[in-house]
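# Overview (structure and organization)
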Amino acid sequence: MIRLAEIPDLERVLQITHDTISETYSHYYAEGVVGFFLGHHSREHILSDIKNGIVWLLEEDGSIVGTVTIKENAVNRLFVLPEWQSHGYGSQLMDFAEDKIAERFTHVHIDSSLAAKEMYLKRGYKEKKTCRIPADNGDTLIYDEMEKRADKQ
């Protein structure tokens, strides 16, 4: 079941986000970049997004296992706890987000981490631009801005 996050869900969204970044991104990015992601997805940013009604949660067997933030026509902060990955939950969240965006927009935008890029390519996203941001320790965050046409259901 996918439902809108509420303020009492803040700590769980933060935990899902930070656990996934810490465990998964460390295989793709240097320590300074992982730190950048953790700071970017701060408690304050998540709380603001929850208050704005744009954070969604995926529940399975009574547990919150994933989250996605939908801001205008952009899919943001899509994370599934590492122990729940490879069971289709990320695809469920993407389907949900794309459907929500297609209600109001013609294109879906996503900033893709290296860890997720292959999944987005398989879903029909096209690379628009490669971006670089300086991070701690002289490290550089590299990600792709990607887009695809929204399919109206």
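Structural notes, computed from the coordinates. (Residues numbered from 1 in each chain as written. Predicted model: local features only at pLDDT ≥ 70, side-chain atom pairs only at ≥ 80, totals over all residues. Heavy atoms only, no water.)

Moving on, we get to the overall build of the protein. A tally of helices and strands in the protein yields 5 helices and 7 strands. Reading the protein from its N terminus to its C terminus gives the helix and strand order β-α-α-α-β-β-β-α-β-α-β-β. Taken over the C-alpha trace, the protein has a radius of gyration of 15 Å; the compact-globule value for 153 residues is 15 Å, and the two agree within 12%. Each principal axis of the C-alpha atoms in the protein carries an extent, and together these give about 45 × 35 × 30 Å. Burial analysis of the protein (153 residues in total) assigns 46% to the buried set. For the protein, the proportion of contacts with a sequence separation of at least 24, taken over those separated by at least 6, is 63%. Accessible area for the protein stands at about 8,200 Å²; split by element, carbon and sulfur atoms hold 47% of it. (Helix = DSSP H or I, 4+ residues; strand = E, 2+ residues; numbered from the N terminus. Rg over C-alpha atoms; globule rule 2.2 N^0.38 Å. Buried < 20%, exposed > 50% of the residue type's maximum accessible area, 1.4 Å probe, protein only. Contact = heavy atoms within 4.5 Å. Areas by Shrake-Rupley, 256 points an atom, 1.4 Å probe, with all protein chains shown as cover.)

This brings us to the packing of aromatic side chains. What the rule picks out here adds up to 8 aromatic pairs. The interplanar angle of 50° and the centroid separation of 6.2 Å between the aromatic rings of Tyr-25 and Phe-79 together place this pair among those described as tilted. Of this pair, Tyr-25 sits in the loop between helix H1 (10–24) and helix H2 (31–40) while Phe-79 sits in strand E4 (residues 74–80), placing them 54 residues apart in sequence. Neither Tyr-25 nor Phe-79 differs from the other in exposure class; each is buried. When the ring of Trp-84 is compared with that of Tyr-89, the centres are 5.8 Å apart and the planes differ by 65°; the resulting orientation is edge-to-face. For Trp-84, a relative accessible area of 23% corresponds to the partly exposed category. Taken together, the ring pairs connect Tyr-25, Tyr-29, Phe-36, Phe-37 and Phe-79 into an aromatic cluster. (Phe/Tyr/Trp six-rings, centres within 6.5 Å; stacked < 30°, edge-to-face > 60°.)

Let's shift gears to the sheet that holds E4. Ordered by their spatial adjacency, 7 strands build an open sheet running E1-E2-E3-E4-E5-E7-E6, and the pairing between neighbours is mixed. Strands with a single pairing partner mark the edges of an open sheet, and in this sheet they are strand E1 (2–4) and strand E6 (126–134). Pairs of neighbouring strands in the sheet enclose a mean axial angle of 25°, with direction left out of account. (Pairing = 2+ DSSP bridges. Axes fitted to C-alpha atoms, helices over the stretch in contact; angles between N-to-C directions.)

Another point: helix H4 (residues 89–102). Spanning 14 residues, H4 covers 20 Å between terminal C-alpha atoms, matching the ideal 20 Å at 1.5 Å per step. For H4, the complete set of buried residues consists of Tyr-89, Gly-90, Leu-93, Met-94, Phe-96, Ala-97, Glu-98, Ile-101 and Ala-102. (Expected span 1.5 Å × (residues − 1).)

Everything listed here is a matter of coordinates, which is why it stays silent on function.
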